[in-house]
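Observations on chain architecture
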Amino acid sequence: MCGIAGLIGWTGTENQISDIIKKFQSSLHHRGPDNKGHWVSKKEMISLVHTRLSSLDLSKSGNQPMHSSCDRYTISFNGEIYNHLEIRTILNSYKKNIFWKSTSDTETLLESFSILGIDETLKIIRGMFAIAVYDKKNKEINLIRDRYGEKPLYLLKLKNQIFAFSSDIIAFSDIKEFSLSLDLQGLACFFQRGYIAAPLSIWKNVKKIMPGTKTTISLGKDRKYYLSKEEKYWSIKDNAIYGQKNLYQGTYEEGKKDLENLFFEILKGQSLSDVPLGIFLSGGIDSSLIAALLKKISPSNIRTFSIGFENEMYDESKHAEAVANHLKTEHITLYAKSSDALRLVEEMPKVYSEPFADSSQIPTILISNII
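Residues numbered from 1 in each chain as written. Predicted model: local features only at pLDDT ≥ 70, side-chain atom pairs only at ≥ 80, totals over all residues. Heavy atoms only, no water.

1. Let's talk about the packing of aromatic side chains
Worth spelling out the cut-off: Only Phe, Tyr and Trp rings are paired, with Trp represented by its six-membered ring, and only when their centres lie within 6.5 Å; those with planes under 30 degrees apart are stacked, over 60 edge-to-face, the remainder tilted. Buried means the residue's accessible area, taken with a 1.4 Å probe over protein chains only, is under 20% of the maximum for its type, while exposed means over 50%, and partly exposed covers the values in between. In our convention, an over-ring charge means Lys NZ or Arg CZ found within 6 Å of a ring centre and within 35 degrees of that ring's normal.
With the rule as written, the count across this model stands at seven aromatic pairs. With a centroid separation of 5.0 Å and 45° between ring planes, the pair formed by Tyr-352 and Phe-356 is classed as tilted. By relative accessible area, Tyr-352 is classed as partly exposed at 23%. Accessibility expressed as a relative area gives 34% for Phe-356, which makes it partly exposed. The structure contains a cluster of three or more aromatic residues connected by ring pairs, namely Phe-172, Phe-178 and Trp-203. It is Arg-88 that lies over the ring of Trp-100; its NZ or CZ is 4.0 Å from the centre.

As structure tokens, this is what we get:
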């Protein structure tokens, strides 16, 4: 993951903006420890911030914020575009002799925005992402969240039509004008669901960008920014209805083969990386299936990780180890103790910056720390 943040319509001094940018980068360092960058347009009152966790193109050519070759778009992007190599092939068919400066999916996004447009690009990309892209021609910034909302993206509205956005709500605490006032509707949602559903958040004036949505904030003639559009570019409801009206017509055997091919296609995209990959393996059907399929298509041995518990009622590590032994993966089991839970409880607010009642959150943090 990476961290993205920014200010929209902020008219402070250079020192004030620089101070907030540094604080944003510090708050988001845990999301992107490999590099930090920023871009500021004082004239247009836009600041984009990025902290990078490198996975594709580990060189400085993949650093952000990044500018399109036509210089119209500037992006701060968190996520992965799984089919970005296919998109490059499409773009090369539209425009010959594109000079690619990197192998990053960030550059693919920018060039697609330039050649196809943002809306057409959103129709064809597959992945998990939170995107902030500034359009210099139209003097607007688009905040875009992936179809299912895998990547977080928060929007804060301040006084005088000033906005801030971030991957992590904790970054807003560095803005003096931000009021830590609880949103009671968001709090009620937490007690109902165990999490706070979009567009709500735990704080007033902070909203989550909805999944599958592009939110546009435009510069008005009065030199102030306004939330001008919220467009749904993808709908799970519409796709579910379409699926019900267009049922699969193949045989059972054809269905099995097509499903397997679909899995392979997805995994090939999701395993595109310049750093080693691993799988959280519980020993259940889902993770075991993913591990088996990835093992089949991976050019090198895969690594799997599981969590074990002292209490056998909750311990699934033996099932995971059996699957790992069968697949001959490089497997690590970490045994969690009650003392580990007590030690990590106070760290949870730094990881989850608003209430989140997931019973697996502590084991997940434990196993993530050994990777």
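Structure shown, so let's carry the discussion forward.
2. Section: the pattern of salt bridges
Defined as follows: Salt bridges are counted wherever a side-chain nitrogen of Lys or Arg sits within 4 Å of a carboxyl oxygen of Asp or Glu. Segments assigned H or I by DSSP are reported as helices when at least four residues long, segments assigned E as strands when at least two residues long, and all are numbered from the N terminus.
Scanning the model with the defined rule gives 17 salt bridges in all. Residue Lys-139 is joined to Glu-44 by a salt bridge in which the shortest nitrogen-to-oxygen separation is 3.9 Å. Here Lys-139, found in the loop between β6 (127-135) and β7 (140-145), pairs with Glu-44, found in the loop between β2 (35-41) and β3 (46-52); they are 95 residues apart in sequence, far enough to count as distant. For Lys-139, a relative accessible area of 32% gives the class partly exposed. Residue class for Glu-44 comes out buried when judged on its relative accessible area of 9%. Across the pair Lys-207 and Asp-183 runs a salt bridge whose closest N-O atoms are separated by 3.8 Å. Within this pair, whereas Lys-207 is found in strand β10 (residues 206-208), its partner Asp-183 is found in the loop between β9 (163-166) and α5 (184-193), the two being separated by 24 residues in sequence. One salt-bridge network, held together by shared partners, links Glu-44, Lys-139 and Arg-223.

3. Describing the nonpolar core
Selection criterion: By nonpolar core we mean a set of buried residues, namely Ala, Val, Leu, Ile, Met, Phe, Trp, Tyr and Cys, connected to one another through side-chain atoms within 4.5 Å. Contact criterion: two residues are considered in contact whenever any of their non-hydrogen atoms come within 4.5 Å of each other.
Within the largest apolar cluster, 27 residues are counted, with the highest numbers of intra-cluster contacts made by Trp-10, Phe-24, Leu-156, Phe-172, Ile-175 and Val-206. Top element by residues in this core is helix α1 (residues 14-27). It accounts for four residues. Look past the residues within four positions of Leu-156 in its chain and what remains in contact with it is Ile-162, Phe-163, Ala-164, Phe-172, Ile-175, Phe-178, Asn-205 and Val-206. Tyr-73, Leu-91, Ile-125 and Trp-234 belong to the second-largest nonpolar core, a separate cluster that totals 21 residues.

4. A word on the sheet that holds strand β13 (residues 278-280)
Operational definition: For two strands to be treated as a pair, DSSP must find no fewer than two bridges joining them. The convention used is that axes are lines fitted to C-alpha atoms, helices contributing only their stretch in contact, and that angles between N-to-C directions extend from 0 to 180 degrees.
Spatial ordering of the open sheet is given by β13-β14-β15, a layout of three strands whose pairing is parallel. The sheet is open, and its two edges are formed by β13 and β15 (330-336), each paired on a single side. The average angle at which neighbouring strand axes cross in this sheet is 25°, direction not considered. Two strands pair when backbone bridges link them, and β13 and strand β14 (residues 303-309) are joined in this way by three bridges, in the parallel orientation. Counterpart to Ile-279 in the pairing with β14 is Thr-304. Across the sheet, helix α9 (residues 317-327) touches β14 and β15, and the angle it forms with β15 is around 175°.

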